Amino acid sequence: MTRIKRGYIARRRRTKLRLFASSFQGAHSRLTRTMTQQRIRALVSARRDRGKRKRDFRRLWITRINAVIHETEVFYSYNRFIHNLYKKQLLLNRKILAQIALLNRSCLYTISNEIKK
């Protein structure tokens, strides 16, 4: 019986895996089984941390807005400020408000005066 050589599909799959795991350390970049496991772990962490990054940035924006509000005494609480924004239908998201608070405080003061009317 003649010898049958395996095809190229498995080799191509492992090559793709090696390219993905090339930056890992030790056996995680050399052994196929551990490479596969580390790849799964890396992708799980990446997915989890994408959501975490969104939460972290939202917390940062809220903290910045709150700090400027308390410093300039525009409003007595962040909570009231956001509530009144929605009541007046000034739909500015927290990211934009945080940028305004950092870069142009007089503009934030103007916004707060519009809300109070």
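These numbers were taken from a predicted model, which means no experiment stands behind them.

(A) Representation of the overall build of the protein chain within the structure. The number of helices and strands found in the protein chain is five helices and zero strands. Along the chain direction, N to C, the helices and strands of the protein chain fall in the order α-α-α-α-α. Against the 2.2 N^0.38 benchmark of 13 Å for 117 residues, the protein chain shows a C-alpha radius of gyration of 26 Å, more extended than a compact globule. With the C-alpha coordinates of the protein chain rotated into their principal frame, the extents come out at 90 × 30 × 20 Å. Within the protein chain, the fraction of its 117 residues that count as buried is 21%. Residue pairs at least 24 apart in sequence account for 40% of intrachain contacts in the protein chain once pairs closer than 6 positions are excluded. When the accessible surface of the protein chain is summed, it comes to about 9,800 Å², and 53% of that surface belongs to carbon and sulfur atoms. Across the protein chain, the 31 positively charged side chains and the 5 negatively charged ones have centroids separated by 25 Å.

(B) Molecular detail of helix α5 (residues 105-116). Taking 1.5 Å of rise per residue, the twelve residues of α5 would be expected to cover 16 Å, and the 17 Å separating its terminal C-alpha atoms lies within 8% of that figure. Among all positions of α5, only Leu108, Ile111, Ser112 and Ile115 are buried. Summarising the axial view, the buried residues of α5 lie within an arc of 100°, below the 170-degree limit, and thus occupy one face. In this fold, the buried residues of α5 make contact with α2 (32-72), α3 (78-87) and α4 (94-103).

(C) Expanded view of the confidence of the model for the protein chain. Per-residue confidence for the protein chain gives a mean pLDDT of 91; residues scoring 70 or more make up 100%. Averaged pLDDT values over the elements of the protein chain bottom out at 85 in α5 and peak at 94 in α2.

Rules used in this analysis
- Residue indices begin from 1 for each chain and proceed along its sequence in written order.
- Under the rules for a predicted model, residues below a pLDDT of 70 receive no local features and side-chain atom pairs below 80 are neither given nor counted, while totals for whole chains, interfaces and linings still include all residues.
- For the side-chain quantities, the full set of heavy atoms in the structure was used; hydrogens and water were omitted.
- Going along the chain from the N terminus, every DSSP run of H or I of four or more residues is numbered as a helix, and every run of E of two or more is numbered as a strand.
- For the radius of gyration, the atoms used are the C-alpha atoms, and the globule rule reads 2.2 Å times the number of residues raised to 0.38.
- A 1.4 Å probe rolled over the protein chains alone gives each residue an accessible area, and that area as a share of the maximum for its type sets the label: buried under 20%, exposed over 50%, partly exposed in between.
- In what follows, a contact means two residues having at least one pair of non-hydrogen atoms within 4.5 Å.
- Accessible surface is estimated by sampling points in the Shrake-Rupley manner with a 1.4 Å probe; for residues, cover comes only from the protein chains shown.
- The sign given to each residue is positive for Lys and Arg and negative for Asp and Glu; His and the chain ends receive no count.
- Every charge is mapped to an atom, namely NZ of Lys, CZ of Arg, CG of Asp or CD of Glu.
- Here the expected span of a helix is defined as 1.5 Å times the quantity of residues minus one.
- Note that the arc is computed from the directions linking the helix axis to the C-beta atoms.
- Residue-level confidence of the predictor is what pLDDT reports, using numbers from 0 through 100.

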